[in-house]
Amino acid sequence: MAPTTTRALILEKSAEDKSPIYHDARIVERPIPPLHGSQILVQIEAAAFNHRDLWIRKNLYPGLLLGSVLGADGAGTVIASARQDDELINKRVFLTPSRGWKSDPSGPEHEFTAIGGVKDPVIGTFCEYVVVEREEVLETPPHLDDEHAAAWPLAGITAWRAVNHQAQIQQGHNILITGIGGGVAIVAQQLAIALGANVYVTSGSEDKISKALAMGAKAGFNYKSETWPNDLGKLLKEQNVSLDAVIDSAGGDILSQTSGLMKYGGKLVCYGMTVSPQITYTIREVLNSIELKGTVMGSLRELTEATNFIAEHKIVPVVSDILDGLDAFEEGFEAMKRATQFGKIVIRMRKDNKGKL
């Protein structure tokens, strides 16, 4: 018999007036609705944090909904379906982290949103069980356990579109990935190396740079040093190469720092704004045909392609911390605030946390 209730982590208005705003998160028990149409019931075995979860609690994310279940990344097992003969039953799957973008390579066909903590769709992955449309899950590659599968979807699709579609990385390309240590940046490095590119990285942490080098990066530079662009430039000159692309999460002065290191027609692909929501683009970049491309997540088709790629190449997303059970959620948020992790922070759901039968 399928469970009828689930524990879930929901977003709540803070009981205290806090400035700046920081919403509460609380575990509640909720009924599991009956399955209809093409819906399935997934038992979540692991769920991963993203920076958007922290932004939601800080009231800095559009469309957030108090009372909604948090979390965009989750993996588990299909335990029930509205279809009696559904071949997905007992299959290991992960949830697709967004809605509104099926296959158009240029952008979403409909209103686009990531799941978790928002008005639509009102589902999230920080729970023991979740009802979802069967077309909104993909089978977990057999080489991944649930914890590493949960670390894959949102970071994976963002990195794949940045590397494959926007930067169009090919074998022999030379690329710079800024802010190594974050989930997207690490996956971008893994994908680019698998595609045969030479990867250079930046970070504000020497430890994160060392870990990136151990994973195959050619060189790393501490962005806290004002000379890092010159240091990278000297190395590229010694190697007689230029950058084909920069994959960036910071914004700000990244082009003034790197456009002189890029080849004619090079690409800057930006998926974040941790430094500034503005990027300086001057006539120098125009005359050198430097392309500035924004990117955000990707389509269901691209996520499917990316998942097939990591299955073929046996790529395993990097997990920094695995927390024991949903009750440890605040540990995850505190770790996100510290930003010292290298890879994803994942909650492993406890095996004894069952919904009521």
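Along each chain, the written sequence defines residue order, and numbers are assigned to residues from 1. Side-chain atom pairs in this predicted model are given and counted only at pLDDT of 80 or more, local residue features only at pLDDT of at least 70, and totals for whole chains, interfaces and linings cover all residues. Just so you know, side-chain values use all the structure's heavy atoms and leave hydrogens and water out.

Visitor: Would you take a moment to explain a nonpolar patch on the surface for this structure?
Guide: Residues enter patches when they are more than 30% accessible in relative terms and free of salt bridges; like-charged ones are connected within 9 Å and nonpolar ones (Val, Leu, Ile, Met, Phe, Trp, Tyr) within 5 Å. Surface exposure here means Shrake-Rupley accessible area, sampled with a 1.4 Å probe, where a residue is shielded only by the protein chains that are shown. For this document, the term salt bridge refers to a Lys or Arg side-chain nitrogen within 4 Å of an Asp or Glu carboxyl oxygen. Taken together, the side chains of Y281, I283, V286, L287 and L292 make up a nonpolar region of the molecular surface, amounting to roughly 490 Å² of accessible area. Counting from the N terminus, the helices are the DSSP runs of H or I reaching at least four residues and the strands are the DSSP runs of E reaching at least two. If you tally residues by element for the nonpolar patch, the top one is helix 8 (residues 283-287), at 3 residues. Counting through the fold element by element, L287 comes out in helix 8.

Visitor: I'm lost on the confidence of the model for the protein in this one. Help?
Guide: Detail in the predicted coordinates should be disregarded across regions flagged by low pLDDT. Confidence scores labelled pLDDT are given residue by residue by the predictor and lie between 0 and 100. Across the protein, pLDDT averages 93, with 98% of residues at or above 70. Any two residues whose heavy atoms approach within 4.5 Å at even a single point are treated as in contact. Between residues 352-357, whose pLDDT stays under 50, and residues either more than four places distant or in other chains, the model counts 17 contacts.

Visitor: Can you walk me through helix 4 (residues 183-194) in this structure?
Guide: Three- or four-residue spacings in an α-helix give side chains the same orientation, since the helix completes a turn every 3.6 residues. By this rule the span expected of a helix is its residue count minus one, scaled by 1.5 Å. For helix 4, spanning 12 residues, the distance from its first C-alpha to its last is 17 Å, which sits close to the expected 16 Å at 1.5 Å a residue. Burial classes follow relative accessibility: with a 1.4 Å probe on protein chains only, a residue under 20% of its type's maximum area counts as buried, one over 50% as exposed, and anything between as partly exposed. Counting buried positions along helix 4 yields 10 of 12 residues, so the element is predominantly enclosed. Buried within helix 4 we find G183, V184, A185, I186, V187, A188, Q189, Q190, L191 and A192. Following helix 4 by one or two positions, G196 has its phi on the positive side, about 95°.

Visitor: Which parts of the structure should I look at to understand the sheet that holds strand 11 (residues 198-203)?
Guide: Across a sheet, paired strands are connected by hydrogen bonds in the backbone, their directions being either parallel or antiparallel. Strand pairing is defined by DSSP finding a minimum of two bridges between the two strands. Spatially, the 6 strands line up as an open sheet ordered 12-11-10-13-14-15, and their pairing is parallel. Only two strands of the sheet have a single partner each, and these edge strands are strand 12 (219-222) and strand 15 (291-294). Each strand of the sheet is rotated relative to its neighbour by a mean of 20°, with strand direction disregarded. Note: strand 10 (residues 174-177) against strand 11, 4 bridges, orientation parallel. When the bridges of strand 11 are listed, L176 appears paired with Y200. Angles run from 0 to 180 degrees between N-to-C directions of axes, and those axes are lines fitted to C-alpha atoms, restricted for helices to the stretch in contact.

Visitor: What is the right way to read the pattern of salt bridges from this model?
Guide: Close approach of charged atoms allows side chains with opposite charge to pair. Per the counting criterion, the structure on display carries 18 salt bridges. A salt bridge links D73 to K344, with the shortest nitrogen-to-oxygen separation between them at 3.7 Å. On the criterion of sequence distance, the pair formed by D73 in strand 4 (residues 73-81) and K344 in strand 17 (residues 344-348) is long-range, its members being 271 residues apart. Comparing D73 with K344 shows no difference in burial state: the two are buried.

Visitor: Would you mind showing me how to read the packing of aromatic side chains here?
Guide: Given two aromatic rings, one states the distance between the centres and the angle between the planes to describe the pair. The pairing test for Phe, Tyr and Trp rings, Trp by its six-membered ring, is centres within 6.5 Å, and the orientation test on the planes gives stacked under 30 degrees, edge-to-face over 60, and tilted for anything in between. For the coordinates displayed, the defined rule picks out 4 aromatic pairs. Between F49 and F333 the ring centres are 5.1 Å apart and the planes differ by 85°, which places this aromatic pair in the edge-to-face class. Linking F49 in the loop between strand 3 (39-48) and helix 1 (51-57) with F333 in helix 10 (residues 329-338), this pair joins segments that are 284 residues apart in sequence. Pairing W160 with F309 gives two aromatic rings, centres 5.1 Å apart and planes at 50°, and the pair type is tilted. Taken as a pair, W160 in helix 3 (residues 153-166) and F309 in helix 9 (residues 300-313) lie far apart in primary sequence, 149 residues in all. You'll find W160 and F309 in the same group, each marked buried. Pairwise contacts between aromatic rings join F49, F126 and F333 into one cluster.

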